[in-house]
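Structural description and commentary
Given next are the chains, with one letter for each unit.
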Amino acid sequence: MKKIALLASGTGSNAKKIIEYFKGSEIISVACLLSNKSSAKALEMATSFNIPTHIISKEELGNPGQTILYLKSMSVDLIVLAGYLKKIPQDLVEVYPNKIINIHPALLPKFGGKGMYGMHVHKAVVEQGESESGMTIHYVNAKYDDGAIIFQAKCPVQPSDTAVQVAANVLRLEHKHYAPVVEQILIDK
Ligand code: GRF
């Protein structure tokens, strides 16, 4: 059985899609969900599926020894960020090389980097008059939104679209593609 750890800071709608997708799978399972925010809805959601959770404390954000021990104790093969807003420390990247992936709600390398998250991204897309947006799944390194791109999907942006409409279209793409891409990565590993 290949095991996934999910990392989420917020609602966790992508994390939920992934949990539902692998429920009943005989080859891949979601082992745990970690969050840096004890109030994150994603934690409740994971618990409702009987998935163990772990809170990443402020100290652990810079010094991930405990986080690494936890992930090792869960025999994790792939770390999947789903709306996780903190930087992944270099030490963690080194312990899991090419085993940490992220989803970003835009077509990287455009609209990425520090401060480019959530509605900030979609507002910038609309303000710059882009004719398309989309989502990117990429490997994680110690810089924001910088690792090699694994998969992208696009949606058109109409001149009349608001940032809220773009956000909804992009989230639909994320929900459709993230779990199958995770599956493919684990099958290829
Ligand atoms: C998604 O748009 C994802 O691309 C970004 O954060 C959002 C998470 O949404 N990194 P949710 O918590 O999965 O609903």
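Report follows, based on the coordinates.

1. Some words on helix α6 (residues 118-127)
Those residues of α6 that fall on the buried side of the exposure criterion are Val121, His122, Ala124 and Val125. Looking straight down α6, one finds that the buried residues subtend no more than 160° of arc, so they occupy a single side. Summarising the contacts, the buried residues of α6 are in contact with β5 (100-104), β6 (132-139) and α7 (163-188).

2. Focus: empty space enclosed by the protein
Take a probe with the size of a water molecule and roll it over the atoms, and the empty space left behind shows itself. If you walk through the whole model with that rule in mind, you get one cavity of 30 Å³ or more. Estimated volume of the largest cavity: approximately 60 Å³.

3. Some words on the layout of surface pockets
Space inside the largest pocket adds up to approximately 880 Å³. Taken together, 39 residues make up the lining of the largest pocket; nearest its centre are Gly83, Tyr84, Leu85, Tyr117 and Gly118. Sorting elements by how many residues they give to the lining of the largest pocket places α7 first, with four residues. Tallied by class, the residues present in the lining of the largest pocket amount to 16 nonpolar, 15 polar and eight charged.

Rules behind the numbers
Residues numbered from 1 in each chain as written. Predicted model: local features only at pLDDT ≥ 70, side-chain atom pairs only at ≥ 80, totals over all residues. Heavy atoms only, no water. Buried < 20%, exposed > 50% of the residue type's maximum accessible area, 1.4 Å probe, protein only. Helix = DSSP H or I, 4+ residues; strand = E, 2+ residues; numbered from the N terminus. Arc of directions from axis to C-beta. Contact = heavy atoms within 4.5 Å. 1 Å grid on protein atoms, 1.4 Å probe; cavity = no way out; pocket = protein on both sides within 12 Å on 5 of 7 lines; lining within 4 Å. Points joined across faces, edges and corners; volume = space filled by probe spheres on them. Nonpolar A, V, L, I, M, F, W, Y, C, P; charged D, E, K, R; others polar.

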